[in-house]
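Close look at the chain arrangement
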Amino acid sequence: QVRFEESGGGVVQLGGSLKLTCRASGSIAGLPAMGWYRQAPGKKRDLVATVTEDGETTYSEFVKGRFTISADIAKNTVYLEMNGLKPEDTAVYYCNIHLGRFAVGIWGQGTQVTVNS
């Protein structure tokens, strides 16, 4: 089973930027898609964005135009560049294999993003 390690989180001010990195323990080539998810305190985990091996991307409405997902298949790494951060973006961010409407792999520890107003 492929495992994921997320990094790059931190504390930023309103309007700030961060770039998250997700490193897989094995190959992500041939997977249906990779996704970034987030979970705020007391809330369910939500899908943020997905990327396929061919580079096709999707974004949730609450991040569209501010976040960019990308993948380096050769490095088994997925990125999430986040700009224009808002306090409501505060959450633990995770990556996982995305299939259909669901995450289907093993969850990592995630990386905390905190946005202060």
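Refer to the structure presented above.
Below you will find a few notes about this structure. Values in this document were obtained by computation on a predicted structure and should not be read as measured data. (Residues numbered from 1 in each chain as written. Predicted model: local features only at pLDDT ≥ 70, side-chain atom pairs only at ≥ 80, totals over all residues. Heavy atoms only, no water.)

**Description of the layout of surface pockets**
Of the pockets and cavities examined, the largest pocket occupies roughly 160 Å³. What lines the largest pocket is Arg 38, Gln 39, Ala 40, Pro 41, Lys 43, Lys 44, Asp 46, Phe 62, Pro 87, Glu 88, Thr 90 and Ala 91. (1 Å grid on protein atoms, 1.4 Å probe; cavity = no way out; pocket = protein on both sides within 12 Å on 5 of 7 lines; lining within 4 Å. Points joined across faces, edges and corners; volume = space filled by probe spheres on them.)

**Digging into the nonpolar core**
Judged by nonpolar contacts, the single largest core of 27 residues is most densely connected at Trp 36, Leu 80, Met 82 and Tyr 93. Only β3 (18-24), β4 (34-39), β5 (46-51), β7 (67-72), β8 (77-82), β9 (91-99) and β11 (111-116) provide two or more residues apiece to this core. The contact partners of Leu 80, leaving out residues within four places of it in the chain, are Leu 18, Lys 19, Leu 20, Trp 36, Val 48, Ala 49, Phe 67, Thr 68, Ile 69 and Tyr 93. (Core = buried A, V, L, I, M, F, W, Y, C linked by side-chain atoms within 4.5 Å. Buried < 20%, exposed > 50% of the residue type's maximum accessible area, 1.4 Å probe, protein only. Helix = DSSP H or I, 4+ residues; strand = E, 2+ residues; numbered from the N terminus. Contact = heavy atoms within 4.5 Å.)

**What to know about empty space enclosed by the protein**
Scanning the entire structure with this criterion turns up 1 cavity of 30 Å³ or more. Taken as a whole, the largest cavity spans an internal volume of roughly 50 Å³. What lines the largest cavity is simply Ile 28, Leu 31, Pro 32, Ala 33, Met 34, Val 51, Thr 52, Glu 53, Ala 71 and Ile 73. Tallied by class, residues from the lining of the largest cavity come to 8 nonpolar, 1 polar and 1 charged. (Nonpolar A, V, L, I, M, F, W, Y, C, P; charged D, E, K, R; others polar.)

**Some details on a nonpolar patch on the surface**
Taken together, Leu 99, Phe 102 and Val 104 make up a surface patch of nonpolar side chains, about 300 Å² in accessible area. Within the secondary structure, Leu 99 sits in strand β9. (Patch = residues over 30% accessible without salt bridge, like charges linked within 9 Å, V, L, I, M, F, W, Y side chains within 5 Å. Areas by Shrake-Rupley, 256 points an atom, 1.4 Å probe, with all protein chains shown as cover. Salt bridge = Lys/Arg side-chain N within 4 Å of Asp/Glu carboxyl O.)

**Notes on the state of the cysteines**
Enumeration over the complete set of coordinates arrives at 1 disulfide. At a sulfur-sulfur separation of 1.8 Å, the disulfide partner of Cys 22 is Cys 95. The chirality of the disulfide connecting Cys 22 with Cys 95 is right-handed, given an S-S dihedral of about 60°. Highlighted residues: Cys 22 in strand β3 and Cys 95 in strand β9, separated in sequence by 73 residues. With respect to burial, Cys 22 and Cys 95 carry one shared label: buried. (Disulfide = S-S within 2.5 Å.)

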